[in-house]
Amino acid sequence: MAEEENLKVAVRVRPFNKRELGRKAKNVVSMSGQVTNLTHPDDPEDTKAFTYDFSYWSFDGSKEQADGYFAKDSPGSRYADQETVYKDLGGGVLSNAWAGYNSTLFAYGQTGSGKSWSVIGYGANKGIVPLFCNDLFRGISENKEQKEFEVRFSMLEIYNEVVHDLLNPNKSKKGLPVRQHPKKGFYAEGLKMALVTNYQEIEQKMNEGTVNRTIASTNMNATSSRAHTIVGINFIQKFKNAAGQETAKQAVINLVDLAGSERVESTGATGSRLKEGAAINLSLSSLGNCIHALAERSQGRQVRVPFRDSKLTRLLMNALGGNSKTIMIAAISPADINYEETLSTLRFADRAKQIKTKATVNEDPTDKLLRELREENDRLKKMMQGGKIDKDFIDADGDGVDDRVTEDVKKKWEEEMKARMLENELEMANMKKSYEEKLRMAKKDFVDPTIAKKEQEKQTKPHIYNLNVDPILSGRIIHILNPGVNTIGNRKGEESNITMISPSIQEQHAELILGKDGKVSIKPVNTDCRVLVNGSPIQGDTTLCHNDRLVFGATQLWVFQNPPESKKAKLPNQTITYEYAQEEIAAKSGVNMTSGGDADMAKLQEDLLEVMPAVEEANSISEELDKLVKFEILMVAPQVLGKPTGKTEVQVKMKNLANGTEFVWTKEKFLNRLYMMKEMYQKYEDEDEWQKPEEEDPFQESLDTEVHIGTVQVNLQPLAYNVELKEQLEITNYKGADVGMMNVELIPCDSKGHEYTEADDKFVDAPSDLVGKDVNFKVKIHNCRGLPNKYADMYCTYKVYLEEKEARTKAVSETSNPNFNHSKIYSFSPATEQLADYLAKGTLTIKVMGKQRVRKSAMQRINGLTTKDMLKSDRAVFSKTANLMNGFQMNGRVVDPQKQSIIVELLLMKKTQARLQQKVDSIRKLVKEAENVSKVRVSTSLLKEVLQANTPEQADQLIRKITGFP
């Protein structure tokens, strides 16, 4: 009988990382019972509450035990340790497995929020997967007299819409195809299902899969933040039912560690050309769409659920909308800098908890299962012979609409039918084999003993181990150093005994020499071989110390350890993290990475740590593939981006060395392009076809792409006093350099556009005097002068006040001095306090946009130089970022944002002074005229009228009243 229940949702907040602790990050998350509260970092009154099945507080209230396990620091602590989470969530998965229900547990959240920590865990802090496996085999040992058990383990990874078997990583470079079966649903064809007989074997297999993940990541394939990992456990119980029939009860358990959810964000790609990271983002975007549709369906709405849109959602179809009991862990960060991402995760989880699944017990007599499989294959054979296509396979594109039966559709259908028949045959053959026979076959194909051997040797011998941005993947690759010379090189270097696959790694790149005295030294093979020791480049022989950090080429980050030296010197145990090593490299490059500062500074530092190695990597790939492209880090202030307020952003400049064009990419766009570059490089390494057409090349940007030439900030303060502003202002580019001048005017006028003159003097003493009155003004952009001559189709764009749509001038080409002759009237009737405040304190940001032109002479290679030649003179891309954190310093000078404000203040002071001088002159004239006619007293009303006169002429008319002349 089917059991319908809502998908269970648990939220878990992880501890702060060291960087957040160092700056005393603001915690915006709180929990009470099942409720998780999120408070806006800038508005304490804005708190959103979400209720889930479980809300786990794993932030503070813990203590580290001798074995490294984090437990509650007191009996009353609310800290949720790994055991607590497992008992609540893993315990349910375990009981479901014994009952014969399929179960799925998946973790969702941004990179670094603790998904892997909950699912897999590390060290003594084991996660749900190992704890579940341990308890499963404990139960098997207690019941093996009554039943026969079979446990199979699989581990796969989905990256860029390719399914990789982590227990058989070399099976297919193109990955495993995802097929559909009428009973099993979607499955990965050919996925290795390893028979395991105890917890130690499953632990070994998990370690084997993790090592293969790490090798792929280190060799520039998928990285943990971009890939989904699915651990599959097939649990079969065999026994005789009440009727004496041989019966099989089967449960499929999927434990899913999803990629970082921030990868769903828009990359800023526009138009029909290359969509950056489309395949990378596809899985999580599709998952979000499926959960939204399932939530709608749970409300009674008839909607299509787009399971077919990605490999991930196909494989999770049963978990989300079919025969499975499903649990979701939403991992969140408590830090203020991650507020937006945390809010997005909580909303995603809130939708997910509305989903209902209907699980059934998978229990049938063995002979019935065999008969059904035979009947299914007979039916499929008849269909194949008759050519009658199953309607399920006519919907080739998964849009819910039957497609026309073309040759391609027919071919796809035949392929699916053959795969389904083969799967049935394999299952029948497996069911007929005895357990002992299966066990003999499994023993032939078990874990490589060298992995365990290396783990033992690293305790006593000098070695290097890898560092990865994902802590779970750090320390998984170990190279034990042999006495004498150990050569590091790429796989083309036959004499290298330590192979590293990465751009900029030479055939023979570096030597690690283990001397007879036990000392280890390192040296680059030649000057083209980049080697860093503790963040500093080296040229010659350098002696290494225990726990030194090593960088080879652009991306290979390792730690050297010498256990005999450490033991002899009685050095304290120190854990070297990926973050620590990257901060060290940044500091040696001159970037201030101190942990103090506010949330904006902390976010900037996080972005820098992410982008710095990525830029080095992109330049290395460009050099290796000779793409004639160079990348540089930019620190861009919000004003330069056309935003009056906001945060300084880390962006990346892409310069085409062949034609001189430059494009500035957002961090997200650059990182998505980088992953496509890495895919290109991987194909180059594998000697596959790697070249792409220009419109799909991640190193290329279309010349039709509009670029931001520069920005002008116009102070609106004169308009707050009804004073016109006529200025020639500097146009500043993203580096803070002047790229031209703009002639612009802000002129008070009437509603029809008639500009006020001195005679119409509308000057007010304070911005508040505008409130309740009609306010009208013109924005005039006359021209730009002295712009670089490499731009065409230039125009200006801006927004005034609460405008949603940007105003823009006409486009002008074929000149570096474009005349726009633009004028636009803005009318506000009546003016509000908000408008008056905006005019008094705000700025008008005018962006100059255009397209780059390329001269024919620039299309030729410079003296036949390669990318490597051009980059060699500027190898250290990051050295130019020195002191960036100590001020908004760009292009050798400090941009002074107060400059225009001072000019405006001076303008208003002159205007005020002239106005006051006019009043003084009028009073003097009044006194003189009164004396001339022997007038002893002047009425206060007349005095007030003269003071309030807007012009000298108005004052003269009032003064003449004394003389009696009209």
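These figures come from a predicted structure and were not determined experimentally.

## Details of the overall build of the protein chain
Then, number 1: Scanning the protein chain for helices and strands turns up 23 helices and 45 strands.
Then, number 2: Burial status across the protein chain gives 51% buried among its 966 residues.
Then, number 3: The contacts in the protein chain between residues at least 6 apart in sequence include a share of 69% that link residues at least 24 apart.
Then, number 4: As displayed, the protein chain has an accessible area near 45,400 Å², and 49% of this comes from carbon and sulfur atoms.

## Structural notes on the packing of helix α2 (residues 82-99) against helix α4 (residues 128-143)
Then, number 1: Running from N to C, α2 and α4 point in directions that differ by 50°, and their axes come no closer than 9 Å. In this view, α2 runs oblique relative to α4, as classed from their interaxial angle. You can see that α2 and α4 cross each other, and the crossing is right-handed. Touching Q82, E83, V85, Y86, L89, G90, V93, L94, A97 and W98 of α2 are I128, L131, F132, D135, L136, G139, I140 and N143, all from α4.
Then, number 2: Its residues placed into classes, the contact of α2 with α4 shows 12 nonpolar, four polar and two charged.

## Details of the sheet that holds strand β26 (residues 510-514)
Then, number 1: Strands sit in the order β25-β24-β26-β27-β30 across an open sheet of five strands; the sheet is mixed. Each having just a single partner strand, β25 (498-499) and β30 (542-543) make up the two edges of the open sheet.
Then, number 2: Examined bridge by bridge, strand β27 (residues 520-524) and β30 share two bridges and lie antiparallel to one another. In the sheet register, I522 faces β30, and the bridge partner there is T542.

## Digging into the sheet that holds strand β22 (residues 463-466)
Then, number 1: Strand order in the open sheet formed by six strands is β23-β22-β32-β31-β28-β29, and the pairing between neighbours is antiparallel. Looking at the sheet topology across the chains shown, the edges are occupied by β23 (478-480) and β29 (536-537).
Then, number 2: Of the strand pairs in this sheet, strand β28 (residues 531-533) and strand β31 (residues 549-552) are connected by three bridges, and their pairing is antiparallel. Bridged to V531 within β31 is F552.
Then, number 3: Each of β28, β29, β31 and β32 (556-561) touches helix α15 (residues 578-588); the most contacted strand, β31, lies at about 75° to it.

## Observations regarding the packing of aromatic side chains
Then, number 1: Per the stated rule, a full pass over the model turns up 17 aromatic pairs.
Then, number 2: With 5.6 Å between their ring centres and 75° between their planes, W98 and F149 make a pair best called edge-to-face. One end of the pair, W98, is in helix α2; the other, F149, is in strand β12 (residues 148-159), with 51 residues separating them in the sequence.
Then, number 3: Between F777 and Y826, the ring centres sit 5.8 Å apart and the planes meet at 25°, which makes this aromatic pair stacked. Residue F777 is located in strand β39 (residues 775-785), and its partner Y826 is located in strand β42 (residues 819-828); the two are separated by 49 residues in the primary sequence.
Then, number 4: Site record: aromatic cluster; members linked through ring pairs are F777, Y801, Y826, F828 and Y838.
Then, number 5: Directly above the aromatic system of Y52 lies the positively charged group of K353, at a separation of 5.5 Å from the ring centroid.

## So, the pattern of salt bridges
Then, number 1: Under the criterion given, the structure shown has 36 salt bridges.
Then, number 2: Two residues, D46 and K48, come together in a salt bridge whose shortest N-O distance is 3.0 Å.
Then, number 3: What makes K48 partly exposed here is its relative accessible area of 22%.
Then, number 4: Put simply, E806 and K847 hold a salt bridge, and the shortest N to O gap is 3.8 Å. Taken together, the positions of E806 in the loop between β40 (791-798) and β41 (807-808) and K847 in strand β43 (residues 843-852) put the pair 41 residues apart, joining distant regions of the chain.
Then, number 5: Overall, E806 belongs to the partly exposed group, its relative accessible area being 35%.
Then, number 6: Judged by its relative accessible area of 18%, K847 falls in the buried class.
Then, number 7: Taken together, the salt bridges that share partners define one network made up of K603, D607, E610 and K667.

## Observations regarding the nonpolar core
Then, number 1: In this structure, F631, F670, M742, L839 and I846 are the most contacted members of the largest nonpolar core, which totals 72 residues.
Then, number 2: Of all the elements, helix α16 (residues 599-625) adds the most residues to this core, at 10 residues.
Then, number 3: Aside from chain neighbours lying at most four places away, what touches F670 is V611, A614, V615, A618, F631, V652 and W665.
Then, number 4: With 49 residues, the next largest nonpolar core counts M31, V256, A259 and I332 among its residues.

## Describing α4
Then, number 1: Across its 16 residues, α4 extends 22 Å between first and last C-alpha, which sits within 8% of the 22 Å expected from 1.5 Å per residue.
Then, number 2: Taken residue by residue, α4 has I128, V129, P130, L131, F132, C133, L136, F137, G139 and I140 as its buried positions.

## Focus: unusual backbone geometry
Then, number 1: Between S829 and P830 the backbone carries a cis peptide bond, its omega angle lying at -10°.
Then, number 2: You will see that N534, though not glycine, has its phi angle at about 55°, which is positive.

## Observations concerning the confidence of the model for the protein chain
As a general rule, the predicted coordinates of low-pLDDT regions are not to be interpreted in detail.
Then, number 1: For the protein chain, per-residue confidence averages 82 on the pLDDT scale, and residues scoring 70 or more make up 84% of the total.
Then, number 2: Under a pLDDT of 50 for its full length, residues 265-274 has, in the predicted model, 26 contacts with residues more than four places off or in other chains.
Then, number 3: Scored below 50 in pLDDT, residues 875-895 shows 51 contacts in the model against residues more than four places distant or in partner chains.

## Re the pairing of strand β9 (residues 103-108)
Then, number 1: With six of its six residues buried, β9 lies for the most part within the structure.
Then, number 2: Judged by which residues are buried, β9 turns out to be covered on both faces: S103, L105 and A107 on one side and T104, F106 and Y108 on the other are all buried.
Then, number 3: In the sheet, β9 pairs with strand β18 (residues 246-257) via five bridges, with the strands oriented parallel. Of the residues in β18, the one forming a bridge with T104 is N254.
Then, number 4: In terms of strand pairing, β9 meets strand β19 (residues 325-332) through six bridges, oriented parallel. The residue of β19 that forms the bridge with A107 is I329.

## As for the environment of L167
Then, number 1: Mapped onto the secondary structure, L167 falls in the loop between β13 (162-165) and β14 (178-181).
Then, number 2: We classify L167 as buried; its relative accessible area is 4%.
Then, number 3: Counting along the chain gives 12 residues from L167 to M155, while the straight-line C-alpha distance between them is 6.4 Å.
Then, number 4: Apart from the residues within four sequence positions on either side, L167 is in contact with F153, S154, M155, K192, A194, K205, E208, G209 and N212.

## Describing helix α19 (residues 833-841)
Then, number 1: Every buried residue belonging to α19 is among L835, A836, Y838 and L839, and all of these are buried. Looking down the long axis of α19, one finds its buried residues gathered within 160° of arc, a one-sided arrangement. In α19, the exposed positions angled more than 90 degrees off the buried face are occupied by E833, Q834 and K841.
Then, number 2: Tucked inside the fold, the buried residues of α19 contact α18 (717-720), β39, β42 and β43.

Criteria and cut-off values
- Residues numbered from 1 in each chain as written.
- Predicted model: local features only at pLDDT ≥ 70, side-chain atom pairs only at ≥ 80, totals over all residues.
- Heavy atoms only, no water.
- Helix = DSSP H or I, 4+ residues; strand = E, 2+ residues; numbered from the N terminus.
- Buried < 20%, exposed > 50% of the residue type's maximum accessible area, 1.4 Å probe, protein only.
- Contact = heavy atoms within 4.5 Å.
- Areas by Shrake-Rupley, 256 points an atom, 1.4 Å probe, with all protein chains shown as cover.
- Axes fitted to C-alpha atoms, helices over the stretch in contact; angles between N-to-C directions.
- Parallel < 35°, antiparallel > 145°, perpendicular 65-115°, else oblique.
- Left-handed = near helix turned anticlockwise from the far one by under 90°.
- Nonpolar A, V, L, I, M, F, W, Y, C, P; charged D, E, K, R; others polar.
- Pairing = 2+ DSSP bridges.
- Phe/Tyr/Trp six-rings, centres within 6.5 Å; stacked < 30°, edge-to-face > 60°.
- Lys NZ or Arg CZ within 6 Å of the ring centre and 35° of its normal.
- Salt bridge = Lys/Arg side-chain N within 4 Å of Asp/Glu carboxyl O.
- Core = buried A, V, L, I, M, F, W, Y, C linked by side-chain atoms within 4.5 Å.
- Expected span 1.5 Å × (residues − 1).
- pLDDT = per-residue confidence, 0-100.
- Arc of directions from axis to C-beta.

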